[in-house]
Amino acid sequence: MRYDVVCIGSGLGGFTAAVRAARAGARVALVEKDDLGGSCLKNRLVPALLLSATAGLHRDFRDAPLGRGTSKCVIDLTAVENRKEKLWQELQNRLYALLERNRIDFYPGFGFVYTNTTVLVKQNGNELYLDTANIILACGSTPAAYIKETGERLAFISPEEAYALTDLPESMLVLGGNAEACSLASTFAELGVAVTLAVPGEFLPGMDRDLVTEMSDILLRQGVTILEGTVLREVRHCPGGWRCCLGEGINMMVTKIVNAHERWPRTTGMGLEALGITLGRRGEVLVNDRMETSVPGIYAVGEVTGTTVGAQGAAYQGEVAADHILGVPGYFDPDIVPLYLFTIPPAGSIGLTTEQAQARGYNVCTGKFAFRDTLGGCLRGHDDGLVKVVADHLTGRILGVHIIGRSASELLVNASLAVHLQVPVEKAYTGAGLVRGTMSEALMEAIADVRGQSIMV
Ligand SMILES: Cc1cc2nc3c(=O)[nH]c(=O)nc-3n(C[C@H](O)[C@H](O)[C@H](O)COP(=O)(O)OP(=O)(O)OC[C@H]3O[C@@H](n4cnc5c(N)ncnc54)[C@H](O)[C@@H]3O)c2cc1C
């Protein structure tokens, strides 16, 4: 059997690429060594979402304006785990159906790039060679809770393992200052765990600084201790947990340490170096904005490329690779990939931050609106967070929208449209389109505020 495309890895990057190529008429095979749907479905994005949603519900119940103090709400992590398992089965079944509907051949097994036109699939001692015109590497990444070369466990657990805990630890040290580290810290703090966040480098890199300040305040209010510019120097196991020495003489005992700081692209043992595929310092596959590697006909998408663009970025890169193979013009534009945090409340960002827009030479103007000032926020008791709109003063074009607040995910979709379509604030704002009594008021008011026209400011 000769294929047009063989994708190795069935996470969001590989699966999206496979379906996109098949829908355009290509003959496609998908190779997966573990579970269909990748780590995202089984132990990453879905579990992260489920637990943060559960913790959010817990908070809503606790803080509901009409229900406060009426009874106690307890979270049963085993029930959450069971629901996750059920959800995973359902989502996986949907993916199997999609493979069938799109006539994609699925090969369980380890994919090895034998030549630039042959993928060797190894499973249980059996070997199968797939001939193909193009290969897409979508192998994801490995958590740094293990020693990369030997697979030996370190003192840390990975974010995946943290989201799968069925007993809440008393205390948790989260290493990292990225979106994943903040999501973990916020979720577990909300569940009653004493969380310390040790941020070795920049806190929330790539996020608008106003939102970083807001997020720090929210985490502090949740009870998270944030240690900025602090590295873990020493860990010693002792009864009941770990004795940690951080930064300049900070000592603490914690029950669990989660390393959300670092991941390694999954590229070892696949024959990539032998084929001359250029890898970066950390083993990531280097690609251009069409997702092409240094070897013609071989593409790479998602976390294997070392990018930190999340699930939506991996899927978008999969589309770009498939399109390029099929001759459809397009390229990967990191500016239009949203950044998303499953904190409580969540946060999301699309387009340029104030700092990025200024660095690109725009004469920046901004508008802001706090959720506590919306009728929707007041009614629901969701008063944390704000919307910030970054625009070009000259043209009014919306360059970026940054949101922390209960409805950040839904509002971000509207904001994405405005940024993608390069809409000026004058066109985006309509008083008539402002639905009072909803959280979306904050987005419209922030857009109006760019030109100083918000009635409510
Ligand atoms: C705890 C956690 C929370 C997260 N939360 C968010 C979030 O809130 N928002 C967000 O956008 N993103 C989030 N992410 C990131 C998101 O899950 C990833 O960016 C996304 O899943 C990456 O997709 P991928 O296709 O690159 O890799 P994956 O989904 O990891 O898929 C890679 C697949 O390739 C397979 N594979 C590897 N090597 C081979 C081989 N040689 N042969 C065959 N198969 C192979 C693996 O088994 C795996 O199934 C989170 C990640 C973690 C860890």
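Each value, and the rule that gives it
Numbering of residues starts from 1 in every chain and runs along the sequence as written. Under the rules for a predicted model, residues below a pLDDT of 70 receive no local features and side-chain atom pairs below 80 are neither given nor counted, while totals for whole chains, interfaces and linings still include all residues. Elements are defined by DSSP. Helices are runs of H or I of four residues or more, strands are runs of E of two residues or more, and each kind is numbered from the N terminus. Multiplying 1.5 Å by the residue count of a helix minus one yields the expected span of that helix. Burial is judged by counting the other C-beta atoms within 10 Å of a residue's own C-beta: 20 or more makes it buried, 12 or fewer makes it exposed, and any count in between marks it as partly exposed, with every C-beta position built from the backbone. Throughout, the edges of the domains are those of an automatic or database domain assignment. For each residue, a C-beta atom is placed from the backbone, and the residue is labelled near a molecule or strand when this atom is within 6 Å of it. Under the convention adopted here, Pro, Cys and the residues Ala, Val, Leu, Ile, Met, Phe, Trp and Tyr are nonpolar, Asp, Glu, Lys and Arg are charged, and Gly plus all remaining residues are polar. Two strands pair under a simple rule: DSSP has to find at least two bridges between them. Axes, fitted as lines to C-alpha atoms, cover a helix only where it is in contact. Angles between the N-to-C directions of the axes lie from 0 to 180 degrees. Note on terminology: a nonpolar core is any set of buried Ala, Val, Leu, Ile, Met, Phe, Trp, Tyr and Cys residues joined through C-beta atoms within 7 Å. Placing C-beta atoms from the backbone, we regard two residues as in contact once those atoms come within 7 Å.

> Account for helix α8 (residues 310–325), with residues named and values stated.
Every α-helix winds through 3.6 residues per turn, so residues three or four apart in the chain are directed the same way. In a regular helix each residue adds 1.5 Å, so 16 residues correspond to 22 Å; α8 covers 23 Å between its end C-alpha atoms and thus fits that length. Summarising burial for α8: 14 of the 16 residues are buried, a large majority. Looking one or two places after α8, you find Gly327, whose phi comes out positive at around 80°.

> Just give me the short version of the domain arrangement of the protein, but keep the residues and values in it.
Assigned domains of the protein: these are domain 1 (2–142 + 264–335), domain 2 (145–261) and domain 3 (345–449). Inter-centroid distance (C-alpha atoms) of domain 1 to domain 3 is 31 Å.

> Outline the site of the ligand, supporting the account with residue identities and numerical values.
The full set close to the ligand counts 38 residues, and Gly9, Gly11, Gly140, Gly302 and Gly310 are the nearest of them. Secondary structure elements with two or more residues in the shell around the ligand: α1 (12–23), β2 (28–32), α2 (38–43), α3 (45–63), β4 (110–115), α5 (159–163), α6 (179–190) and α8. In terms of residues, the shell around the ligand owes the most to one element, α8, which gives 4 residues. The residue inventory of the shell around the ligand, partitioned by class, reads 17 nonpolar, 13 polar and 8 charged. Mapped onto the domain boundaries, the shell around the ligand takes at least three residues apiece from domain 1 (2–142 + 264–335) and domain 2 (145–261).

> Just give me the short version of the sheet that holds strand β12 (residues 241–246), but keep the residues and values in it.
The 3 strands are arranged β11-β12-β13 in an open sheet whose pairing can be described as antiparallel. The two strands at the open ends of the sheet, each matched to only one other strand, are β11 (232–238) and β13 (250–254). When the angles between neighbouring strand axes are averaged without regard to direction, this sheet yields 20°.

> Any details on the nonpolar core? Residues and values, ideally.
In this structure, Leu137, Val174 and Ala185 are the most contacted members of the largest nonpolar core, which totals 133 residues. Element by element, the count of residues in this core is highest for α8, at 8 residues.

> Lay out the pairing of β4 with the relevant residues and their values.
Where β4 meets strand β5 (residues 118–123), 5 bridges bridge the pair, whose relative direction is antiparallel. Paired with Val113 across the bridge in β5 is Val119. Connecting β4 to the next strand, β5, in antiparallel fashion are 2 residues.

> Tell me about unusual backbone geometry, residues and numbers included.
Cis geometry marks the peptide bond from Ile344 to Pro345; its omega dihedral reads 5°. The topology assignment puts Pro345 in the loop between β17 (339–341) and β18 (347–351). Not every positive phi belongs to a glycine, and Arg103 is a case in point at roughly 55°. Mapped onto the secondary structure, Arg103 falls in the loop between α4 (77–101) and β3 (105–108). What makes Arg103 exposed here is the crowd of 10 C-beta atoms within 10 Å. Phi is positive for Asn124, close to 45°, though the residue is something other than glycine. By the secondary structure assignment, Asn124 is in the loop between β5 and β6 (126–137). The exposed category is assigned to Asn124, around which 6 C-beta atoms lie within 10 Å.

> So what about the sheet that holds strand β8 (residues 171–175)? Which residues, and what values?
In space, the 4 strands of this open sheet follow the order β10-β9-β8-β14, with parallel pairing throughout. A single partner strand is all that each edge strand has here, and the edge strands are β10 (225–228) and β14 (256–259). Each strand of the sheet is rotated relative to its neighbour by a mean of 15°, with strand direction disregarded. Sheet topology note: the strand β9 (residues 194–199)/β10 ladder contains 4 bridges and is parallel. Residue pairing for β10: Thr196 is matched across the bridge by Thr225. Sheet strands in contact with α6 are β8, β9 and β14, and its direction is about 165° off that of β9.

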